[in-house]
Amino acid sequence: MKIKGLCIVLALVITLMTLAMPVFASETEAPEAVEEETAVAEKDDSISSKAWAAAIVVGLAAALGAFAMGMAISKSVDGIARQPEAEGKIRTTLMLGLVFVETAIIYALVIAILIIFVL
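Cut-offs applied
- The numbering scheme is per chain: residues are counted from 1 as the chain's sequence reads.
- Reporting of local features is limited, given that this is a predicted model, to residues whose pLDDT is at least 70; pairs of side-chain atoms are given and counted only at 80 or more, and all residues count toward the totals for whole chains, interfaces and linings.
- With hydrogens and water stripped out, all remaining heavy atoms of the structure feed into the side-chain values.
- Numbering of helices and strands runs from the N terminus, with a helix taken as a DSSP run of H or I at least four residues long and a strand as a DSSP run of E at least two residues long.
- Think of a polar contact as two N or O atoms within 3.5 Å of one another; within protein, one of them needs to be a possible hydrogen donor and the other a possible acceptor, and neighboring residues in sequence only count if both atoms come from side chains.
- When checking whether two residues touch, look at their non-hydrogen atoms; a contact exists if any pair is within 4.5 Å.
- Known as pLDDT, the predictor's confidence for each residue is given on a scale from 0 to 100.
- Residue count minus one, scaled by 1.5 Å, sets the expected span of a helix.
- Relative accessibility decides the category of a residue: with a 1.4 Å probe and only protein chains considered, values under 20% of the type maximum give buried, values over 50% give exposed, and everything between is partly exposed.
- Throughout this description, the term salt bridge denotes a Lys or Arg side-chain nitrogen within 4 Å of a carboxyl oxygen of Asp or Glu.

> Please explain the side chain of Ser76 as it appears in this structure.
By the secondary structure assignment, Ser76 is in helix α2 (residues 36-82). Here Ile73 takes part through its backbone oxygen, which lies 2.8 Å from a polar atom of the side chain of Ser76. Excluding its chain neighbours within four sequence positions, the residues that come into contact with Ser76 are Ile90 and Leu94.

Take a look at the structure:
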């Protein structure tokens, strides 16, 4: 039961981090009297910050998701080895858990794409 709780906590952490990342990618408004070179440099900085934010979102989500999936698979194989007659129930629960973790990772990818193209 501890692993199930850990997987739920990891999925929640991934989701919360994904939702918080657009804050780090927000652009700052440039004053009207700024020279053209400074405006170009600020635009490059905002593009760079968007790239960093998107990379952090996808990287953390993928790393934590892979960790959660690995632990879930490991424990399900251990459970099947201990109780082969419960293989069907264990496999069904495992697949459902993997779907939830993968969904959180896909949400992170969508947020990263929104950061790059919308903000």
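Anyway, onward from the coordinates.
> Would you explain the confidence of the model for the protein in this entry?
As a note on interpretation, predicted positions should not be read in detail where pLDDT is low. The share of residues in the protein with pLDDT of 70 or more is 66%, and the mean pLDDT across the chain is 78. The weakest mean pLDDT in the protein belongs to helix α1 (residues 2-24) at 66; the strongest belongs to helix α3 (residues 87-117) at 90.

> What am I meant to see in α3 here?
Working note: α-helix, 3.6 residues per turn, so residues spaced by three or four point in the same direction. End to end, α3 covers 45 Å across 31 residues, agreeing with the expected 45 Å (1.5 Å per residue, within 8%). Among the residues of α3, Ile90, Leu94, Leu98, Val101, Ala104, Ile105, Ala108, Ile111, Ala112 and Ile115 are the ones counted as buried.

> Quick question: what am I supposed to make of the pattern of salt bridges here?
Should their charged atoms come close, side chains of opposite charge can pair. Scanning all chains against the criterion turns up two salt bridges. A salt bridge links Asp78 to Arg82; the shortest N-O distance between them is 3.5 Å. Of this pair, Asp78 and Arg82 are both found in helix α2, four residues apart, which corresponds to roughly one turn of the helix. The exposure class assigned to Asp78 is partly exposed, which follows from its relative accessible area of 31%. Ionic pairing is found between Glu87 and Arg91, a salt bridge with its closest N-O pair at 2.6 Å. Here Glu87 pairs with Arg91, and both are found in helix α3, just four residues apart, close to one helical turn. The exposure class assigned to Arg91 is partly exposed, which follows from its relative accessible area of 42%.

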